[in-house]
Amino acid sequence: MIEIKNVSKWYGPFQVLTDCTTSIQKGEVVVVCGPSGSGKSTLIKTVNALEPIQAGDIVVDGTSLTDPKTNLPKLRSRVGMVFQHFELFPHLSVTDNLTLAQIKVLGRSKDDAKARGLKMLDRVGLMAHKDKFPGQLSGGQQQRVAIARALSMDPIVMLFDEPTSALDPEMVGEVLDVMVQLANEGMTMMCVTHEMGFARKVSNRVIFMDAGKIIEDCSKDEFFNNPDARSPRAKDFLAKIL
Ligand code: ADP
Ligand code: MG
């Protein structure tokens, strides 16, 4: 579903990604972890071409992001993304947040968009809040709406960038529960997260990054249960967060 091939990227003179290569199969859940500043957010943003790359290639569902003929807005509309800071439109109701992109980008009718959006809202357990505004919801609820909004676009893959790290601790569980449910339903997911409980429970693979490089790319069991085989940096990281 996603092929990341020898990707390098610079911000001006600073090389943020160095020769990153990995792939994610359909239905796979891959957790990306690593120290702050290691390039996790940058890597995940390159997957829907929010950040351009200067070397290598990324292929999503058979479509190369570096091919000038690729319709990036169209491709992006099918790659769901949920960020650390819920980016709901504050001046729109929950329902309007759910329907806007479906209508504007996918060209769905208002009724179709609403039906799809409310179905996804129900899936994240927030139907009762459909007429509220984001400011009237808790952080955890806003993040669940953000997930429902992404799902309303019928994504072929979901990208998460630390979706729970800005939340109060008591709200982390409700967001992770939705992500676990998605994973169990077979959604292809790439998740930057330090929630190792989530990684252990549902991920298939763990990627560990350090200083712009993919240092580890192995099965969950290998990552967590065979610490002696890990690189010193990954071991150090695991020791700090587990
Ligand atoms: P992570 O998500 O792992 O914390 P990031 O991908 O956000 O790491 O950042 C990796 C490195 O790139 C950091 O050193 C950061 O300061 C730098 N960086 C991120 N975004 C930009 C930018 N727009 N311009 C310049 N440097 C950036
Ligand atoms: Mg980040």
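Residues numbered from 1 in each chain as written. Chains lettered and ligands numbered in written order. Predicted model: local features only at pLDDT ≥ 70, side-chain atom pairs only at ≥ 80, totals over all residues. Heavy atoms only, no water.

The name that an unreviewed UniProt entry assigns to the protein chain is Glutamate/aspartate transport system ATP-binding protein, with the source organism given as Roseateles terrae. One UniProt comment on the protein chain, placed under Subcellular location (unreviewed entry), says "Cell membrane". Regarding the protein chain, the relevant UniProt record gives this comment under Sequence similarities (unreviewed entry): "Belongs to the ABC transporter superfamily." (UniProt positions renumbered as here; feature names shortened; annotations may be inferred.)

A. Representation of the site of ligand 1 within the structure. Around ligand 1 sit Tyr11, Phe14, Val16, Pro35, Ser36, Gly37, Ser38, Gly39, Lys40, Ser41 and Thr42, and that is every residue in its neighbourhood. At 3.4 Å from a nitrogen atom of ligand 1 is found a side-chain nitrogen or oxygen belonging to Tyr11. Between ligand 1 and Gly37, the relevant distance is 2.7 Å, taken from an oxygen atom to a main-chain nitrogen or oxygen of the residue. When ligand 1 is considered free in solution it has 560 Å² of accessible area, and contact with the protein chains removes 59% of it. Put simply, the parts of the chain that give the shell around ligand 1 at least two residues each are strand S2 (14-24) and helix H1 (40-46). Broken down by element, the residue count for the shell around ligand 1 peaks at three residues, all from H1. Considered class by class, the residues forming the shell around ligand 1 number four nonpolar, six polar and one charged. (Near = heavy atom within 4 Å. Polar contact = N/O pair within 3.5 Å; in protein donor to acceptor, adjacent residues only side chain to side chain. Areas by Shrake-Rupley, 256 points an atom, 1.4 Å probe, with all protein chains shown as cover. Helix = DSSP H or I, 4+ residues; strand = E, 2+ residues; numbered from the N terminus. Nonpolar A, V, L, I, M, F, W, Y, C, P; charged D, E, K, R; others polar.)

B. Just the UniProt feature "domain: ABC transporter" (unreviewed entry) in the protein chain, in detail. As annotated in UniProt, the feature "domain: ABC transporter" (unreviewed entry) corresponds to residues 2-236 in the numbering used here. Segment residues 2-236 splits into 36% helix and 26% strand. End C-alpha atoms: 29 Å apart.

C. Structural view of the pairing of strand S7 (residues 157-161). Most of S7 is tucked away, with five of its five residues classed as buried. On S7, burial covers both faces: Val157, Leu159 and Asp161 on one face and Met158 and Phe160 on the other are all buried. Judged from the four bridges that link them, strand S6 (residues 79-82) and S7 form a sheet pairing that is parallel. Within S7, the position partnered with Gly80 by the bridge is Met158. Sheet topology note: the S7/strand S8 (residues 189-192) ladder contains four bridges and is parallel. Bridge pairing in S8 links Leu159 to Met190. In this region the chain leaves S7, passes through helix H6 (residues 169-184) and returns to the parallel neighbour S8; the handedness of that crossover is right-handed. (Buried < 20%, exposed > 50% of the residue type's maximum accessible area, 1.4 Å probe, protein only. Pairing = 2+ DSSP bridges. Right-handed = clockwise from strand over helix to strand, strands pointing away.)

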